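Listed here are the chains, written in short residue letters.
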Amino acid sequence: MALDTQKIIDDLKDASILELNDLVKAIEEEFDVKAAAPVAAGAAAGGDAAAEKDSFDVELTEAGQEKVKVIKEVRGITGLGLKDSKDLVDGAPKVIKEGVAKADADDMKTKLEAVGATVTLK
C-alpha cells in the first residue's frame, strides 16, 4: 500500500495544535520513539561540532576599495600568479584557501581586512 503523501500533508495542515499533539503522542507510543530526543541531540551535536571545528575555509566576500592591495595580499597567501590572483579577487565571493587551521585562517582574515577586503571564515 503506497502512502498518499500530499493527502497526509493536507490533513496535517488542517489539523489543530491539539490534534497534532495527540498524533505525536500516538506515534511515540506505537513506534516506541521520542519526538523531542533527536532534535535535542542534533542541536547538542551541532554545538559541539562548531566548538571543535579546527579547519576553516577562508572566503573573500568582497574586495573593497583597495583592489590592488587585496590582489597583492591574495598572491602572498595563495602563491598564485598575478593574473590568477586578479581573477580570484574579481570573482569574489570566492574561497581563497580551504581546510586552514584556525590560527592561520584568522591571520589571513586579518591581513585581508587590513587592506580593505571583507572576509568570511566558513
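Cut-offs applied
- Every chain's residues receive numbers from 1 upward, in the order its sequence appears when written.
- Note on the predicted model: pLDDT of at least 70 is required for a residue's local features to be given, and 80 or more for side-chain atom pairs to be given and counted; whole-chain, interface and lining totals, by contrast, use all residues.
- Calculated side-chain values reflect all of the structure's heavy atoms, with hydrogen atoms and water omitted.
- For two strands to be treated as a pair, DSSP must find at least two bridges joining them.
- Helix and strand labels come from DSSP, where a helix needs a run of H or I of at least four residues and a strand needs a run of E of at least two; each type is numbered from the N terminus.
- Between the first and last residue of a helix there are one fewer steps than residues, each counted as 1.5 Å, and that sum is the expected span.
- Buried residues are those whose accessible area, probed at 1.4 Å on protein chains only, stays under 20% of the maximum for their type, while exposed residues exceed 50% and partly exposed ones sit between those limits.
- Each direction from the helix axis to a C-beta atom contributes to the arc, which is the arc of those directions.
- Two residues qualify as a contact provided that any one of their heavy atoms is within 4.5 Å of a heavy atom in the partner residue.

Peer 1: Even after reading the chapter, I still don't get the pairing of strand β1 (residues 55-62), so can you show me in this structure?
Peer 2: On a regular strand, one side chain projects to one face of the sheet and the next to the other, so that they alternate. In this sheet, strand β2 (residues 94-101) lies alongside β1 in antiparallel orientation, the contact comprising five bridges. Its bridge partner being in β2, Glu59 is matched across the sheet by Val95. Looking at chain direction, β1 and strand β3 (residues 118-121) are connected through four bridges and run antiparallel. Its bridge partner lying in β3, Glu62 is registered against Thr118.

Peer 1: What am I meant to see in helix α6 (residues 102-114) here?
Peer 2: In this model, α6 (13 residues) spans 18 Å end to end at C-alpha, consistent with the 18 Å of a helix rising 1.5 Å per residue. For α6, the set of buried residues is Ala105, Met108 and Leu112. Angular distribution of buried residues about the axis of α6 spans 65 degrees; they occupy a single face of the element. Facing away from the buried side of α6 by more than 90 degrees, the exposed set consists of Ala103, Thr110 and Ala114. Lining the buried residues of α6 we find β1, α4 (67-78), β2 and β3. Positive phi appears at Gly116, one or two residues downstream of α6, with a value of about 105 degrees.

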